Amino acid sequence: MSTEDTAPDPDLVEAARKLFAGPVAFLKSAPGLQFLPPADVPEVAFAGRSNVGKSSLLNALTNRNGLARTSNTPGRTQELNFFDMGDPLRLRLVDMPGYGFAEAPKDVVKKWRFLVNDYLRGRAVLKRALVLVDSRHGLKDVDREVMDMLDQAAVSYRLVLTKSDKIKATALDAVRAATIAEARKHPAAHPEVLATSSEKGGGIPELRAAVLEAISA
Ligand code: GDP
């Protein structure tokens, strides 16, 4: 059985390309719920373990270097970062704080959990989350915990493999098949898994289309 995604509609891909080529601007960082922007635009959130390639992917999607910055101190950035897209405003990208850093103190993990859970549960404009997974590592228990949080908050989400250029096509097929098999056991997970490479551009047009599709549904 092929694990390739069915190709998205070319019109959707083109509309998504245009949207992501348009204006993108950092709006704000929210270290707590009281700092969230007004819930007046559809949001799509990006989550993943620290170092999964989240900043690189946000930069590749928007074709801007340095839009999303990597923290040099994993576990210290406990903020949701909001980026406005489109003129007129169409969508907000939400960069969620990375998780799963080995040496994080317990209170940091706890703070992450509260912030993310509160956001996920209370945000009607949140249309979809994209949970990024390193192609070389596949799903880890911390990712599964986040998938459970999303299932429980009834936030629809999609698993996205990153750094696909770092492994061979056969290994990528295997990790994609394993990831799809797990996704299908989770009620809020999309049954397909996209593979992307910020470095080589693979899967980026399809991911843009997946974002546009999420806010159009
Ligand atoms: P973040 O902590 O999730 O924001 O991760 P970064 O975007 O900072 O990426 C972590 C490391 O992985 C950096 O050294 C990136 O250059 C590298 N990286 C990210 N995406 C890719 C990719 O698609 N291909 C390759 N080869 N390296 C990548």
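Here the structure is a predicted model, which means the values were calculated and not measured.

A. Structural view of the overall build of the protein chain. Within the protein chain one finds six helices and seven strands. Taken against the 2.2 N^0.38 rule, which gives 17 Å for 217 residues, the C-alpha radius of gyration of the protein chain at 16 Å falls within 12% of a compact globule. Principal-axis analysis of the C-alpha atoms places the extent of the protein chain at approximately 45 × 40 × 30 Å. Considering only contacts within the protein chain whose residues lie at least 6 apart along the sequence, 76% involve residues at least 24 apart. Put simply, the protein chain shows about 10600 Å² of open surface, and 51% of that area lies on carbon and sulfur atoms. Charge-centre separation for the protein chain: the mean point of 30 positive side chains lies 4 Å from the mean point of 27 negative side chains.

B. Main features of the packing of helix 2 (residues 54–62) against helix 6 (residues 204–216). Two elements in contact, helix 2 and helix 6, have axes whose closest approach is 10 Å; the angle formed by their N-to-C orientations is 85 degrees. As the angle between them shows, helix 2 and helix 6 are arranged roughly perpendicular. Seen from helix 2, the contacting residues are L57, A60 and L61; seen from helix 6, they are I204, L207 and R208. Of the residues contributing to the contact of helix 2 with helix 6, the split by class is five nonpolar, no polar and one charged.

C. Broad picture of the nonpolar core. Counting residues in hydrophobic clusters, the biggest one holds 36 residues, and the most contacted among them are L80, M96, Y119, L120, L150, Y157 and L159. Counting only elements with at least two residues in this core, the list comes to strand 2 (43–48), strand 3 (80–85), helix 3 (106–122), strand 5 (126–134), helix 4 (141–153), strand 6 (157–162) and helix 5 (169–183). Excluding anything up to four places from it in sequence, L159 contacts V131, L139, M147, T179, A183, E192, V193 and L194. The next biggest cluster of nonpolar side chains, apart from the first, holds 29 residues, and it includes L19, L61, L91 and L212.

D. Geometry of the environment of L80. When you line up the elements, L80 lands in strand 3. Taking relative accessible area as the criterion, L80 reaches 0% and is therefore assigned buried. Residues in contact with L80, not counting those within four places in the same chain, are K28, S29, A30, L36, V94, D95, M96, P97, L115 and Y119.

E. The arrangement of the side chain of N59 in detail. Within the secondary structure layout, N59 lies in helix 2. Overall, N59 belongs to the buried group, its relative accessible area being 13%. Once residues lying within four places of it in the same chain are set aside, the contact partners of N59 are R64, N65, G66, L67 and A68.

F. Fine view of the pairing of strand 6. With six of six residues buried, strand 6 lies mostly within the body of the structure. By the alternation rule, side chains of strand 6 split into Y157, L159 and L161 and R158, V160 and T162, which are all buried. In terms of strand pairing, strand 5 meets strand 6 through six bridges, oriented parallel. Across the sheet, residue L130 finds its bridge partner in strand 6, namely R158. Taken together, strand 5, helix 4 and strand 6 constitute a β-α-β crossover, and its handedness is right-handed. Sheet topology note: the strand 6/strand 7 (residues 194–195) ladder contains two bridges and is parallel. Opposite L161, over in strand 7, you have A195 as the bridge partner. Regarding the hand of the β-α-β motif, the stretch spanning strand 6, helix 5 and strand 7 is right-handed.

Conventions and cut-offs
Residues numbered from 1 in each chain as written. Predicted model: local features only at pLDDT ≥ 70, side-chain atom pairs only at ≥ 80, totals over all residues. Heavy atoms only, no water. Helix = DSSP H or I, 4+ residues; strand = E, 2+ residues; numbered from the N terminus. Rg over C-alpha atoms; globule rule 2.2 N^0.38 Å. Contact = heavy atoms within 4.5 Å. Areas by Shrake-Rupley, 256 points an atom, 1.4 Å probe, with all protein chains shown as cover. Lys, Arg positive; Asp, Glu negative; His and termini not counted. Charge placed at Lys NZ, Arg CZ, Asp CG, Glu CD. Axes fitted to C-alpha atoms, helices over the stretch in contact; angles between N-to-C directions. Parallel < 35°, antiparallel > 145°, perpendicular 65-115°, else oblique. Nonpolar A, V, L, I, M, F, W, Y, C, P; charged D, E, K, R; others polar. Core = buried A, V, L, I, M, F, W, Y, C linked by side-chain atoms within 4.5 Å. Buried < 20%, exposed > 50% of the residue type's maximum accessible area, 1.4 Å probe, protein only. Pairing = 2+ DSSP bridges. Right-handed = clockwise from strand over helix to strand, strands pointing away.

The values are spatial; any link to function lies outside them.
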